[in-house]
Amino acid sequence: MRGITPDELRRMSVLDRAVLRVGRARYYEEMRLLIAAGVATAFPGEKEGARDGEK
């Protein structure tokens, strides 16, 4: 089994659970930013002034 079990979470202090919650939120925000950067790199969109078939 990986991670922290529900029983271990119940035994933790409120402060320990808060630290885990903040860490998880930071992790997911960092993953969101990395994925957005990867998508922007892979699909760079139109350049400024490249309308009407100009490139």
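Residues numbered from 1 in each chain as written. Predicted model: local features only at pLDDT ≥ 70, side-chain atom pairs only at ≥ 80, totals over all residues. Heavy atoms only, no water.

Q: What exactly am I supposed to notice about the overall build of the chain here?
A: Of the regular secondary structure elements, the chain holds 2 helices and 0 strands. When the 55 residues of the chain are sorted by exposure, 2% land in the buried category. In the form shown here, the chain has an accessible surface area of approximately 5,500 Å², with 59% of it arising from carbon and sulfur atoms. (Helix = DSSP H or I, 4+ residues; strand = E, 2+ residues; numbered from the N terminus. Buried < 20%, exposed > 50% of the residue type's maximum accessible area, 1.4 Å probe, protein only. Areas by Shrake-Rupley, 256 points an atom, 1.4 Å probe, with all protein chains shown as cover.)

Q: How should I be thinking about the packing of aromatic side chains in this particular structure?
A: Tallying each qualifying case throughout the model produces 1 aromatic pair. Taking the centre distance of 5.3 Å and the plane angle of 75 degrees together, the rings of Tyr27 and Tyr28 count as edge-to-face. Exposure remark for Tyr27: the relative accessible area of 47% places this residue in the partly exposed category. (Phe/Tyr/Trp six-rings, centres within 6.5 Å; stacked < 30°, edge-to-face > 60°.)

Q: I keep staring at the layout of surface pockets and nothing clicks. Help me out?
A: Empty space among the atoms becomes apparent when a probe as large as a water molecule is rolled across them. By volume, the largest pocket amounts to about 180 Å³. Forming the walls of the largest pocket are Ile4, Leu9, Arg17, Leu20, Arg21 and Arg24. Tallied by class, the residues present in the lining of the largest pocket amount to 3 nonpolar, no polar and 3 charged. (1 Å grid on protein atoms, 1.4 Å probe; cavity = no way out; pocket = protein on both sides within 12 Å on 5 of 7 lines; lining within 4 Å. Points joined across faces, edges and corners; volume = space filled by probe spheres on them. Nonpolar A, V, L, I, M, F, W, Y, C, P; charged D, E, K, R; others polar.)

Q: Is there a simple way to explain the pattern of salt bridges in this structure?
A: Should the charged atoms of two oppositely charged side chains come close, the side chains can pair. Taken as a whole and assessed by the stated rule, the structure comprises 2 salt bridges. Note that Arg11 and Asp7 form a salt bridge whose closest N and O atoms lie 2.7 Å from each other. One end of the pair, Arg11, and the other, Asp7, are both in helix 1 (residues 6-11), 4 residues apart, so they sit about a helical turn from each other. Among the residues examined, Arg11 registers a relative accessible area of 60% and is labelled exposed. Linking Glu29 and Arg32 is a salt bridge whose minimum nitrogen-to-oxygen distance equals 2.8 Å. In this pair, Glu29 and Arg32 both sit in helix 2 (residues 14-42), 3 residues apart, roughly one turn of the helix. Judged by relative accessible area, which is 37%, Glu29 ranks as partly exposed. You can call Arg32 partly exposed: its relative accessible area is 47%. (Salt bridge = Lys/Arg side-chain N within 4 Å of Asp/Glu carboxyl O.)

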